[in-house]
Amino acid sequence: MLIQHDKLRAVVRAICTAAGSTGDEPALVADNLVYANLTGHDSHGVGMLPRYISCARAGQLAMNQHVKVVKDEGTILVLDGQTGYGQVIGGEAMALGIERAREHGVCVLSLRNSFHLCRIGAWAEQAAAAGMISMHYVNVIGHKPLVAPFRGGDARYATNPYTCILPATDNNPTTLLDMATSVVAMGKVRVAKNKGEQMQEGALIDADGQPTTDPNVMYTPPFGAALPFGEHKGYGMALMAEMLAGVLSGGQTMRAETQRKDDTILNGMLAIIFDPRRMVDEDFYKSEVDATIAHVKASPPQNPDEPVLVPGDPERATKAEREANGVPVDDATWEEILSAAESVGLSRSDVAGMSA
Ligand code: NAD
């Protein structure tokens with residue numbers, strides 16, 4: 001089904017409110033999840049809500065929390081998300097980091113114990129809107145491991161994203177690289193499972209360490225694993241993220257000792273936020289970024305239907321299309337959303353009515 005983005009936001013807000021979120025929290029969760037759908041990242045869109053609600057009901061996600069400063073060294077901040085909604089905690093953490101980067105030129109912040117920070121690009125976009133560059137290394141603890149190290153036959157860590165943004169110029173929007181370090185983000189495996197589709201080759205191995213395209217190996221024991229992108233290179237980036245985000249935040253890395261028997265998704269994040277205008281003249285920044293983008297985009301496409309893009313372009317194109325035509329929500333995901341609504345006392349027909 002196709003649902004208009006404003007209606008989808010209303011559904012998410014209603015479910016979060018019924019679950020017990022107050023103040024801005026329902027709107028922050030709704031805006032963040034629906035924005036992920038709009039930009040084409042259904043893996044991090046409204047399909048996450050049922051898991052958030054079941055974790056909130058089980059006390060694994062604490063509603064109505066705010067970020068806590070653990071350590072303040074001026075340009076270095078250590079923050080604790082107190083297992084609150086990542087949509088609230090991520091925004092508050094970035095606001096603190098941006099304020100410090102305005103004052104000092106740079107802020108290195110680490111954040112622990114945030115419930116799922118969802119699409120990390122959202123936090124980078126917050127920095128870019130303030131004229132800052134930001135880089136993010138993210139790890140996960142809580143749920144079972146998902147990704148095998150290069151040469152490994154079972155999962156040892158999660159899809160540990162890396163994100164970097166360059167602010168817009170007068171002629172170009174932001175350049176935003178925002179990616180999982182696995183071949184595919186786990187949510188994309190969930191979307192394939194819900195649609196009854198096979199995954200691409202080279203993304204998964206089964207419990208015996210053999211290649212498979214069956215998304216169910218990630219959901220039904222004995223579990224398989226996702227593979228890192230780019231063999232040893234993606235694995236290396238993921239391991240750096242695991243340690244930079246997990247160790248320096250104090251939130252810990254994914255190991256048997258830190259694993260829980262539930263569905264908790266606690267993100268750790270190391271973010272480096274800095275002001276490019278403290279390094280080079282603003283006009284130089286803009287003209288060099290524009291010239292570089294023009295230079296790479298002028299490369300003749302191998303396939304005329306697939307021109308060279310820069311990171312961030314696919315998301316912008318999908319957003320324009322989905323804002324106009326609606327957000328596709330598959331039947332299994334919609335059923336999960338209706339069940340989540342029911343679990344917090346809303347009627348399925350009321351929620352279905354909101355989406356129509
Ligand atoms: P993806 O593979 O769809 O895109 C990765 C990046 O590649 C994007 O920046 C995109 O703009 C760029 N890109 C795509 N096609 C391109 C092209 N032809 N030319 C140039 N650039 C191109 O993303 P993904 O790896 O599936 O990650 C999806 C989302 O999942 C991200 O927002 C990420 O932050 C999020 N994520 C979050 C967690 C978490 O624990 N919170 C974990 C993993 C991933």
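Above this text sits the structure in question.
These remarks concern the structure in this document. (Residues numbered from 1 in each chain as written. Predicted model: local features only at pLDDT ≥ 70, side-chain atom pairs only at ≥ 80, totals over all residues. Heavy atoms only, no water.)

**Brief notes about the nonpolar core**
Among the nonpolar cores identified, the biggest contains 52 residues, and Leu33 and Tyr52 are the most heavily contacted of them. Among the elements of the structure, helix H1 (5-19), helix H2 (25-38), helix H3 (49-57), strand E5 (133-142), helix H6 (186-195), strand E11 (265-274) and helix H10 (331-343) are those that each provide at least two residues to this core. Once residues within four sequence positions are removed from consideration, Leu33 is found in contact with Val12, His44, Gly45, Val46, Met48, Leu49, Tyr52, Gln87 and Cys118. Ranked by size, the runner-up nonpolar core spans 22 residues in total, among them Ile89, Leu109, Ala127 and Ala130. (Core = buried A, V, L, I, M, F, W, Y, C linked by side-chain atoms within 4.5 Å. Buried < 20%, exposed > 50% of the residue type's maximum accessible area, 1.4 Å probe, protein only. Helix = DSSP H or I, 4+ residues; strand = E, 2+ residues; numbered from the N terminus. Contact = heavy atoms within 4.5 Å.)

**Structural notes on the sheet that holds E11**
Within the open sheet, the 7 strands sit side by side as E2-E3-E4-E11-E5-E6-E7. Their pairing is mixed. Single-partner strands in this sheet number two, and they are strand E2 (68-72) and strand E7 (175-179). Shown here is a sheet whose adjacent strand axes are inclined to one another by a mean of 15 degrees, direction ignored. Where helix H7 (residues 232-248) meets the sheet, its contacts fall on strand E4 (106-115), E5, strand E6 (162-166), E7 and E11, and the angle it forms with E5 comes to roughly 80 degrees. (Pairing = 2+ DSSP bridges. Axes fitted to C-alpha atoms, helices over the stretch in contact; angles between N-to-C directions.)

**Things to note about the environment of Leu239**
Note that Leu239 resides in helix H7. Residue Leu239 is classed as partly exposed on the basis of its relative accessible area, which comes to 32%. Taking the C-alpha atoms as reference points, Leu239 and Gly97, separated by 142 residues in sequence, lie 24 Å from one another.

**Quick notes on the site of the ligand**
The local shell around the ligand holds 23 residues, among which Asp178, Ala180, Lys188, Gly312 and Glu315 are the closest. For the ligand, an oxygen atom lies 3.0 Å from a polar atom in the backbone of Ile120. The backbone of Ala180 places a nitrogen or oxygen atom 2.8 Å from an oxygen atom of the ligand. Protein contact buries 79% of the 870 Å² of open area that the ligand shows by itself. Those elements that provide at least two residues to the shell around the ligand are E7 and helix H9 (313-325). Sorting elements by how many residues they give to the shell around the ligand places E7 first, with 4 residues. Looking at the shell around the ligand residue by residue, the class counts come to 13 nonpolar, 6 polar and 4 charged. (Near = heavy atom within 4 Å. Polar contact = N/O pair within 3.5 Å; in protein donor to acceptor, adjacent residues only side chain to side chain. Areas by Shrake-Rupley, 256 points an atom, 1.4 Å probe, with all protein chains shown as cover. Nonpolar A, V, L, I, M, F, W, Y, C, P; charged D, E, K, R; others polar.)

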